[in-house]
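Now for the letters of each chain:
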Amino acid sequence: MMERPAVKVFQYQDQEQSSDLLLQLNTLRQEQILTDVSLCADSTEIPCHRNVLVSSSPYFRAMFCSSFMERRQTKITLKGVTSAILSSIIDYVYTGLIDISMEIVLPLMQAASMLQYGRLFEACSSYLQEQLSPDNCLSMMRLSEIMNCDSLRNKAKEMAVKRFSDISGSEDLRELSLPELLGYLEDDSLCAQEEQVFETLLSWIHHDPLTRRGAVSDLFKKVRLRYIHPTYLFQFIANDPLIQSSTLCTELIDSVRRLMFSVGSETSIDFQPLWVAPRRYAYQDMLVVVGGRKNSEQTSREALVFDEETRKWRRLAKLPVRLYKASCVTLHGVLYVLGGLTTNTEQAQVSTSVYTLSLKTNRWRTAESMLVPRFAHQSVSYLHFLFVLGGFGPDRQLTSSTERFNSMFNQWEHMSAMPEAVLHPAVAATNQRIYVFGGEDAMQNPVRIIQVYHIARNMWCKMDNRMVKNVSAPAAIIEDKIYIIGGYTRRVIAYDAKANRFIKCANLKERRMHHSAAVLKNKLYITGGRLINGRDEVEDSDNFECYDPTTDSWTSQGALPYKLFDHASLTLTHVSHTWAKS
């Protein structure tokens, strides 16, 4: 027998069928045709179809398809729901439409939760999220807990931690319970400077001092003392009557004081977990480049910051004066530019001036001047100190003198001089010591020594080392290793101070000097400098490169806006919301 040809099947899909069916069902409901149950609230009866209710909600499916007594009843009374809200929900079930306003959103949300209309519940949540503001986000967080609404809780919390500065003085914050406030202040995501956190806990206690005074020690533990400026900590916080009334609070402050005054002291076992608490996520390090010789022309007043999101360099406020071979360092989220040779006057002067900049204000200010005028010197920070080493003094002679700035007392003091005066060494501070690698002497001969300064003892020692032969090379620290990058060579070496040994790393692509280095997120970033090309010619550079110690490899990051050398590059810490991009 011959096979019959296959019959072609046409599948028709009616796009309007479902909506038309729902429309017809709603008409039947309004005309009370085939309705078989009435939902009652506030003595109001709303006729419905069981099969529609069962199809729309697990709540009604359990009610009418199980052995509950409501299965046989024709009238069902729903407690805790007003007739107006119930009517709106039934209209929504039959039409998919509902008007949500601030007047009804809360009872509507409660009813949607009870009757298990999940999408309607989330629609109410979305509506409330659109109404979020710093003025109401804390109360919205509390509401989300009552409603057990994760989506609203997450959005409200996101705003609460990001807009802390707008919320910290609000009535809603002062009305938080102690557990709520503790949970809020210990959040790693809080966009707040620790000084603000402290002022907020004071405000909360002073709102109801009789019942809240006893909570001061629990709250004070949430302040990350390591990231508070020492002046603020010891002059303002330590003298606050509320803090002085708590033995635990004064013990914590004394632990910080001992740690900072003696430099090398160990933290107590009880204090250690508080001291090593991480920075909040809102604290970010940004790469900043300052000064230097721009495009082989005169000394630059420019300051640049690298925006990781856009991968572009942005200009910050210009330095007030041109400073040739000043040194730069960061401390407590502030950039310091120290000394240098002023070149914008008729006769160049060796300067003692100190200028500061923070990303929060983007304004330069003058700070306490150094004790000795100097340029082509080195500077480094450790704990609450700034150290300034060597360079050329007021007589334009190479000096071995050192001085340090105590940010706690805002004053400079002389320290022991280096064993040997060197120019352009690589300098880094770690493990209570300052390491000065190589450099050159007054006759421009490379110096193959490591000079080590013990901060707590104010003592120097020096070690001969044949591995050291660097001039005009920067140093940077990643995970206790000091990296020395280039210096008239392509060589990169890492010094393990504990083991007193050098480790060879991947070479630079060119012989480089007068460049600068900074660490950002455990990677090493190199900017500008001068390089020696294949024809043994010296060129200025705008290179921007990154070294990853985990892969021991270099990658290009693009270029600086201009060629630059003898500049500084540093990482400057700020709270993310306090830096206005311009």
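Computed from a prediction, not measured in an experiment: that's the story for all the values here. (Residues numbered from 1 in each chain as written. Predicted model: local features only at pLDDT ≥ 70, side-chain atom pairs only at ≥ 80, totals over all residues. Heavy atoms only, no water.)

1. Points about the UniProt feature "domain: BTB" (unreviewed entry) in the chain
For step 1, the next point in the chain: The residues that UniProt annotates with the feature "domain: BTB" (unreviewed entry) are residues 35–102.
For step 2, the next point in the chain: Helix makes up 41% of residues 35–102 and strand 19%. Its end C-alpha atoms lie 32 Å apart. (UniProt positions renumbered as here; feature names shortened; annotations may be inferred. Helix = DSSP H or I, 4+ residues; strand = E, 2+ residues; numbered from the N terminus.)

2. A short note on unusual backbone geometry
For step 1, the next point in the chain: In the Ramachandran plot, Ala376 falls in the positive-phi region, its phi being about 60 degrees despite a non-glycine side chain.
For step 2, the next point in the chain: Of note, Ala376 is situated in the loop between β14 (364–366) and β15 (378–382).
For step 3, the next point in the chain: Of note in this structure, Asn410 is not a glycine but carries a positive phi near 55 degrees.
For step 4, the next point in the chain: Structurally, Asn410 is set in the loop between β17 (402–406) and β18 (411–415).
For step 5, the next point in the chain: The exposure class of Asn410 is partly exposed, given its relative accessible area of 42%. (Buried < 20%, exposed > 50% of the residue type's maximum accessible area, 1.4 Å probe, protein only.)

3. Describing helix α4 (residues 83–95)
For step 1, the next point in the chain: With 13 residues, α4 should cover 18 Å at 1.5 Å per step; its first-to-last C-alpha distance of 18 Å lies within 8% of that length.
For step 2, the next point in the chain: The complete set of buried residues in α4 reads Ser83, Ile85, Leu86, Ile89, Ile90, Tyr92, Val93 and Tyr94.
For step 3, the next point in the chain: Downstream of α4 by a residue or two, Gly96 has a phi angle that is positive, lying close to 80 degrees. (Expected span 1.5 Å × (residues − 1).)

4. Focus on the side chain of Ser57
For step 1, the next point in the chain: As for its placement among the helices and strands, Ser57 is situated in the loop between α2 (50–56) and α3 (58–65).
For step 2, the next point in the chain: A polar atom in the side chain of Ser57 sits 2.5 Å from the backbone oxygen of Leu115.
For step 3, the next point in the chain: Those residues in contact with Ser57 that sit more than four places away from it in its chain are Leu115, Gln116 and Tyr117. (Polar contact = N/O pair within 3.5 Å; in protein donor to acceptor, adjacent residues only side chain to side chain. Contact = heavy atoms within 4.5 Å.)

5. What about the sheet that holds strand β26 (residues 501–504)?
For step 1, the next point in the chain: Strand order in the open sheet formed by four strands is β23-β24-β25-β26, with antiparallel pairing between adjacent strands. Each edge of the open sheet is held by one strand with a lone partner, namely β23 (475–478) and β26. Mean inter-strand twist for the sheet, computed between neighbouring axes without regard to direction, equals 30 degrees. (Pairing = 2+ DSSP bridges. Axes fitted to C-alpha atoms, helices over the stretch in contact; angles between N-to-C directions.)

6. Structural notes on the sheet that holds strand β4 (residues 283–290)
Backbone hydrogen bonds hold the strands of a sheet together, and the pairing may be parallel or antiparallel.
For step 1, the next point in the chain: With antiparallel pairing, four strands are arranged side by side in an open sheet as β7-β6-β4-β35. Each end of this open sheet is capped by a strand with a single partner; those strands are β7 (312–315) and β35 (568–575). Sheet twist, expressed as the average angle between the axes of neighbouring strands with direction ignored, equals 35 degrees.
For step 2, the next point in the chain: Pairing analysis gives three bridges linking β4 to strand β6 (residues 303–307), with the strands arranged antiparallel. Bridge pairing links Val289 to Leu304 in β6.

7. Details of the packing of aromatic side chains
For step 1, the next point in the chain: Inspection of the entire model under this criterion finds 26 aromatic pairs.
For step 2, the next point in the chain: The interplanar angle of 85 degrees and the centroid separation of 6.3 Å between the aromatic rings of Phe198 and Phe236 together place this pair among those described as edge-to-face. Residue Phe198 is found in helix α12 (residues 194–207), and its partner Phe236 is found in helix α15 (residues 230–237); the two are separated by 38 residues along the sequence.
For step 3, the next point in the chain: A relative accessible area of 40% places Phe236 in the partly exposed class.
For step 4, the next point in the chain: Between Phe405 and Trp412, the ring centres sit 5.2 Å apart and the planes meet at 45 degrees, which makes this aromatic pair tilted. (Phe/Tyr/Trp six-rings, centres within 6.5 Å; stacked < 30°, edge-to-face > 60°.)

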